[in-house]
Amino acid sequence: QVQFVESGGGLVQPGGSLRLSCAASGSIFSSYAMGWYRQAPEKQRELVARITRSGFTNYADSVKGRFTISRDNAKNTVYLQMNSLKPEDTAVYYCNTAQAVVAGTNDYWGQGTQVTVSS
């Protein structure tokens, strides 16, 4: 069964930090690179960070230097540490495989976790 459960969002002031967590199905987590996506109101979902099984990472330009993705393979969990948050980071954040269409997980999205950056 494919399942992603995100947590850790909230309301934070500009410049603040949050750490998101995502628990994923074991078989999926161990087989694929994982990614964090976000969707702001009236915008398309975008991939902001990805991490391979071996730990190689890359980031969207908009978050580079501020966000850090990591994974704990023993816990089937992927994290997103978000620092220096900006109002434009406000969105619902989701995790999934980094290539959801190719991996066949594009029909399996969790509830996401809301991140709101506002003073």
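Please refer to the structure placed before this passage.
Residues numbered from 1 in each chain as written. Predicted model: local features only at pLDDT ≥ 70, side-chain atom pairs only at ≥ 80, totals over all residues. Heavy atoms only, no water.

A. Up close: the state of the cysteines. In the structure shown here, the tally under the stated rule is one disulfide. What pairs with C22 in a disulfide is C95, and their sulfur atoms sit 1.7 Å apart. Of this pair, C22 sits in strand 3 (residues 18-24) while C95 is found in strand 9 (residues 91-97), placing the two residues 73 residues apart along the sequence. The same class applies to C22 as to C95, namely buried. (Disulfide = S-S within 2.5 Å. Helix = DSSP H or I, 4+ residues; strand = E, 2+ residues; numbered from the N terminus. Buried < 20%, exposed > 50% of the residue type's maximum accessible area, 1.4 Å probe, protein only.)

B. Summary view of the pairing of strand 4 (residues 34-39). Counting buried residues along strand 4, five of its six residues qualify, which places the element largely inside the surrounding structure. Relative to strand 5 (residues 46-51), strand 4 is paired through five bridges, and the arrangement is antiparallel. Residue Y37 lies in a different strand from strand 5, and its bridge partner there is L47. If you look at the hairpin formed by strand 4 and strand 5, you'll find six residues sitting between the two strands, and E42 has a positive phi there, around 65°. (Pairing = 2+ DSSP bridges.)

C. Focus on the sheet that holds strand 7 (residues 67-72). If you walk across this open sheet you meet the four strands as 1-3-8-7, and the pairing is antiparallel. Two strands lie at the open edges of the sheet, namely strand 1 (4-7) and strand 7, each paired on one side alone. Neighbour-to-neighbour, the strand axes of the sheet open up by a mean angle of 15°, direction not taken into account. Direction of pairing for strand 1 relative to strand 3: antiparallel, over a ladder of four bridges. Looking at strand 3, one finds that E6 is bridged to C22. (Axes fitted to C-alpha atoms, helices over the stretch in contact; angles between N-to-C directions.)

D. Examining the sheet that holds strand 5 more closely. With mixed pairing, six strands are arranged side by side in an open sheet as 2-10-9-4-5-6. The open sheet has two edge strands, strand 2 (10-12) and strand 6 (57-59), and neither has a second partner. Direction aside, the axes of adjacent strands within the sheet are offset by 25° on average.

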